[in-house]
Structure formats: C-alpha cells, structure tokens
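Residues per chain are reported as follows:
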Amino acid sequence: MTQTDLPVVSTLPAARPLPATGTAVLTGSREPRPRAADALSGGRETLPAARDSHSAGRETLCAEGDSLRDIVDCHHLGATLEWLDNHPPHVIADELARMDALSAGMAFRLLDKDRALDVFEELEPVDQQQILTGLRDQSFRELVEEMDPDDRARMLREAPAKVAKKVLAGLSPHERRMTAILLGYPEGSVGFYMTPEVVALPRNLPVAQALQMVRTEGGNAETVYTLPVIDAGRRLIGIVELRELVLSSPDAMIADLVESEPAFMRATDSAEKAARLMQGANLINLPVVDSEDRLVGLLTIDDAIEVIEAADSEDMARQAGTAPWEGHYMAATVFQLARYRALWLMLLLLAAIFTVSVTDMFAATLEQAAHLALFIPLIIGAGGNAGAQAATSCVRALAVGEVRVSDLLKVVWRECRVGLVLGAMLAAAGLVIGGIFVGAKIGAVVGITLVLICGWAATIGGTMPLLAKKLRIDPAVISAPMVTTLVDATGLIIYFTTAKLVLGI
C-alpha cells in the first residue's frame, strides 16, 4: 500500500450476510453465513443457478482441484468454502501467498473472523499488506486490533510510514502503546520480535493465587506455559513452568518452585542469537529484559522459528549468489526474480575475467601440449566443487555456533586435510582417465593437479567465511559461486604450473 487512505478494491464489496431470498446464488452454495460470499464473483453479477452442461462440468473440475487459486478463478463458491473449511490456517496462508492481490482478497473475505485472524498471522508482512489493500477501513481496523503486538509491529515495520501512522492511530490506547514499544526497538533485535503480553508472577505468592492470576490475566497473554517470576522492581528472578504450578500443592510458594538463573536475553540483543539459543537449549519461551534486568517480554518459540527461517533463507540465497527476497516464491514475477539475481551474476562475470587472463598467460604452454586443454573443465570443476562444499559447511557451522572465529587455524588445518584426501581419491580416477585418452604423462599432471587444487580449494572455502566474520561481514556473502570463481582462476595457475614442471615445457 502506498496511499494514505488505504485504497479499497472496488471489486471486493464489504462483508455482509447472504440474502435469504430475492438473489440468485452460485451453484453449490450452502447455508448463508455472515461472510462476504458474493465477493468471490468479484463484484460482478452473480451467476444464475441454472447452468448449462459445459459450465456444470467446469465447476465439477474446479471443485475437485487441490489449488485454492484454481477454485477461486472458477468463481465456484461452494467449493471455495469447503476448501477453506477443510484446511488449517497455515495451509490457507500458503495458498493465499501464491495468489494475486485480487484473488487472495476474495478468498480471505470468505473466512470467519476468528479464522481470518489465525490465517492472517501466518502470512509474511508483505503478504499481509496485500490482503489489507482489499479490506475496508472497519475490517482493516478490526483485523489489526486483534493481532498479537509482535506480529503487528513486524507488519507495520514493512508498511509505508503513512500507512503505519494511520494504523497506530486506529488502535485502542493499550494496543497502540504495546505496538509503539516494539517499534522502538531496532529491527532484528529481540525486543522487536518479543511479545510484551506476559503473565509475570511475584515470588512471594502461593500457588493457588498464582493459578488464579494466570486464569485472570492469561487470556490477554500470548503464552502462559512459561511464567517469569519477578521482584517488587519487576527484575527477573527466574521462571516457573505452568506444569509445575498445576502439579504442586496449592499452599506451596512460588519462591520454592522458581528456576533461578534462567536463560534470558536483553531486548537489544540479536534476535537470531536468541533464537539459536532457544533452539540449542530446547526452550519454548525465552525471557527478555532491559539493561537493568527488568522483565519486558518473552520471545516465543513460533517467533524464534520465524527468525531462524528468515536467517537461513537469507544465508541460502547469498550462498547461491543471489539477493534474498521477501514474500512467496510463486507470487514473485519473472522480472523480480531476475532483478534479485542479476547483480551477483554481473559481479561473478567480472571476476571470471581473471580466469580468462590466466588462460591467456599460459597460451604458449597450451600450444606445446594441446591435450592439456581437454582437462581444463575437469580440473576447475573439481576444484570449484570442493571449495563450494567447504564454504557451505563452514557458513552453516558458524550459523549454528559450532565454529568460532578463534577456531580459524583449526578449520584451515582440518579443511586442508579433507581437501587432500578428496584430491587423492579423484587423482586415482584422473590418472586412469588421462592415461587412457592422452598418455601417462598427461594423466600424471591431471592426478597431481587434482590433489593440489582440492586441498587449496577446501582451504580457501573454509577460511573465507571465518575471515569475513572477523571483518564483521556476513559470512554468507562469501557465497559458493564466489569461492568457485576464485578457485577457477587459481586452479588454472596450479594446473599449468604443474604441467610445465612435469612435462618440462
């Protein structure tokens, strides 16, 4: 959305009950319900109940399809309602993300209010904005008001400033205050992803009163499975699990059940770091505190999974030599996908010029032993693949905390040995292939080169991500294509130098 007043798609009429009489309805519709059922027709005249055999057959095919988009495009209301009723929110959200704005809006408006909220919170922020463009102001406000504050803050962070301002103005004072707090944290921080709606228990409370407090305040909290325990100054003392309260004596004190020294993060810490901590420690929720150790919220497992998924998706995109994008792959246009990949391809093309220069440098060597040219693809392919494997392994190890920058020398020694072992295995095959096709001497050159280039490539591939981390550069930027391009050029130098020494040319 780019307009201040949240544009309304004219083909999506406001939600209203289906009229009981006096209106033709779509074939296959069931009992009227308070949904915008007529929205599926896109605001056009609804189809009459009497259909010819061709239309009836087309609807049958639509009803039997698995794709929500196909059913919506057929304007078959009954099949659409049945599909929505028979699939969970996360599946519906995935289908909506694959659809264009108009079709997604029509299908979304057929959901009941509570179910619509569950589906909406499963969508990515970019897809949420697409849905909101098709809602009238009242529906817009109701949907955003019912969202969890952390989900709402992430959506508004992606929205244009004018839209975010209008949304905040339409919220209730309580929801506006919580959302504004989350928006005040840096993007990518724990505070930006946490939920401030927490049931916090005083330490000097008996279990019976604590359970009553959970019943009273738990309806407004995002989770009650992990209950932080605080002192009079709201400083975090520890946590207690709901299971412990339920199984303990009503007269027991919270202070006797509390798990002291729990894992926690500060609101300004990295969200990915917090999510990785939860993953490694098998935590459902993680307390979040401010600089003075006062409780400000919880990072829940569903948000932690989203953080890890986003970080892994970004790393995978960069390792593949492309820029990460937001939104669903199937909803992206061909031009958008090409635009994300073009920059990296241009950079790699420029880097490949070095490979051409190396080949030109050894043109005289090639003239004296033309058979060497036959094995250039084999040599640079093996080296590039070995380097890409090492780079990918080290980037992943860095991401999950298995390797630190201080382990640089250990990684270099380990990857060098791995590369030499792999090179020796490939060299055995290279000697046989070279000997069969062009003779023993060329086979020896190929075998020796494979050992050297695999050792070199694995060392470079394992070292570059750690050096990037030390220089505060995202290790994923040291992508596999970049390592491959570098190894191609240096591998040719190793190949031709070995050939000159072995063949004496």
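Treat the numbers as computed from the prediction; the structure is a model and nothing was measured.

## Comments concerning the pattern of salt bridges
For step 1, the next point in the chain: Summed over the entire model, instances satisfying the criterion amount to 8 salt bridges.
For step 2, the next point in the chain: Of the charged contacts, one joins Asp290 and Arg294 as a salt bridge, the two residues approaching to 2.9 Å between their closest N and O atoms.
For step 3, the next point in the chain: With a relative accessible area of 33%, Arg294 lands in the partly exposed category.
For step 4, the next point in the chain: When salt bridges with common partners are traced through the structure, they connect Glu272, Arg276 and Asp312 into a single cluster.

## Regarding the side chain of Ser189
For step 1, the next point in the chain: By secondary structure assignment, the location of Ser189 is in the loop between helix 11 (173–183) and helix 12 (190–193).
For step 2, the next point in the chain: Judged by relative accessible area, Ser189 falls into the buried class, the value being 3%.
For step 3, the next point in the chain: At 2.6 Å, the side chain of Ser189 and the backbone oxygen of Pro186 are in polar contact.

## What about the packing of helix 4 (residues 89–98) against helix 6 (residues 113–122)?
For step 1, the next point in the chain: Axis separation between helix 4 and helix 6 bottoms out at 8 Å; the angle between their running directions is 60 degrees. The angle between the axes of helix 4 and helix 6 places the two elements in the oblique class. In this structure, the crossing between helix 4 and helix 6 has a hand that is right-handed. Within the contact between the two elements, helix 4 uses Pro89, His90, Ile92, Ala93 and Leu96 and helix 6 uses Arg115, Asp118, Val119 and Glu122.
For step 2, the next point in the chain: Tallied by class, the residues present in the contact of helix 4 with helix 6 amount to 5 nonpolar, 1 polar and 3 charged.

## Some thoughts on the sheet that holds strand 5 (residues 265–266)
For step 1, the next point in the chain: Across the sheet, which stays open at both edges, the 3 strands sit in the order 5-6-7 with mixed pairing between neighbours. Taken across any chain shown, the strands that pair with only one partner, and hence form the sheet edges, are strand 5 and strand 7 (295–300).
For step 2, the next point in the chain: In this structure, strand 5 lies alongside strand 6 (residues 285–289), joined through 2 bridges in parallel fashion. Each bridged residue has a counterpart across the sheet, and for Arg266 the counterpart in strand 6 is Val289.

## A word on a negative patch on the surface
For step 1, the next point in the chain: Among the surface-exposed residues, Asp114, Asp118, Glu122, Glu142, Glu146 and Asp302 lie close enough to one another that they form a single negatively charged patch.
For step 2, the next point in the chain: Taken together, the elements giving at least two residues each to the negative patch come down to helix 6 and helix 8 (137–146).
For step 3, the next point in the chain: With respect to the element layout, Glu142 can be found in helix 8.

## Looking at the nonpolar core
Grouped burial of nonpolar side chains is what soluble globular proteins tend to show.
For step 1, the next point in the chain: Counting 34 residues, the largest nonpolar core has Leu68, Leu96, Phe108 and Phe120 as the members making the most contacts within it.
For step 2, the next point in the chain: Setting aside anything within four residues of it in sequence, one finds Phe120 in contact with Phe108, Gln128, Ile131, Leu132, Leu143, Met147 and Met155.
For step 3, the next point in the chain: Within the second largest apolar cluster, 29 residues are counted, among which are Val438, Val446, Ala489 and Ala499.

## Section: a nonpolar patch on the surface
For step 1, the next point in the chain: A contiguous nonpolar patch, built from Leu378, Val432, Ile433, Ile436 and Phe437 and spanning about 500 Å² of accessible area, is present on the exposed surface.
For step 2, the next point in the chain: No other element matches helix 21 (residues 408–437), which puts 4 residues into the nonpolar patch.
For step 3, the next point in the chain: With respect to the helices and strands, the residue Ile436 is situated in helix 21.

## What about the confidence of the model for the chain?
Low pLDDT means the predicted coordinates in that region are not meant to be read closely.
For step 1, the next point in the chain: Per-residue pLDDT for the chain averages 78, and the proportion of residues at 70 or more is 80%.
For step 2, the next point in the chain: Counting interchain partners and residues more than four positions distant, the pLDDT-below-50 stretch residues 1–61 has 108 contacts.

## Topic: the pairing of strand 6
For step 1, the next point in the chain: Burial within strand 6 is extensive, with 5 of its 5 residues counted as buried.
For step 2, the next point in the chain: Where burial is concerned, the two faces of strand 6 agree: the one with Asn285, Pro287 and Val289 and the one with Leu286 and Val288 are both buried.
For step 3, the next point in the chain: Both strand 6 and strand 7 contribute to a ladder of 5 bridges, which runs antiparallel. Paired with Asn285 across the bridge in strand 7 is Thr300.
For step 4, the next point in the chain: Connecting strand 6 to the next strand, strand 7, in antiparallel fashion are 5 residues, including Asp293 with a positive phi near 65 degrees.

## A word on the sheet that holds strand 2 (residues 226–230)
For step 1, the next point in the chain: Strand order in this open sheet of 4 strands is 1-2-3-4, and the pairing throughout is mixed. On the outer flanks of this sheet lie strand 1 (201–202) and strand 4 (259–260), each paired with one strand and no other.
For step 2, the next point in the chain: Across 5 bridges, the pairing between strand 2 and strand 3 (residues 236–241) is antiparallel. Bridging from a neighbouring strand, Val229 pairs with Gly238 of strand 3.

Reading guide: rules and limits
Residues numbered from 1 in each chain as written. Predicted model: local features only at pLDDT ≥ 70, side-chain atom pairs only at ≥ 80, totals over all residues. Heavy atoms only, no water. Salt bridge = Lys/Arg side-chain N within 4 Å of Asp/Glu carboxyl O. Buried < 20%, exposed > 50% of the residue type's maximum accessible area, 1.4 Å probe, protein only. Helix = DSSP H or I, 4+ residues; strand = E, 2+ residues; numbered from the N terminus. Polar contact = N/O pair within 3.5 Å; in protein donor to acceptor, adjacent residues only side chain to side chain. Axes fitted to C-alpha atoms, helices over the stretch in contact; angles between N-to-C directions. Parallel < 35°, antiparallel > 145°, perpendicular 65-115°, else oblique. Left-handed = near helix turned anticlockwise from the far one by under 90°. Contact = heavy atoms within 4.5 Å. Nonpolar A, V, L, I, M, F, W, Y, C, P; charged D, E, K, R; others polar. Pairing = 2+ DSSP bridges. Patch = residues over 30% accessible without salt bridge, like charges linked within 9 Å, V, L, I, M, F, W, Y side chains within 5 Å. Areas by Shrake-Rupley, 256 points an atom, 1.4 Å probe, with all protein chains shown as cover. Lys, Arg positive; Asp, Glu negative; His and termini not counted. Charge placed at Lys NZ, Arg CZ, Asp CG, Glu CD. Core = buried A, V, L, I, M, F, W, Y, C linked by side-chain atoms within 4.5 Å. pLDDT = per-residue confidence, 0-100.

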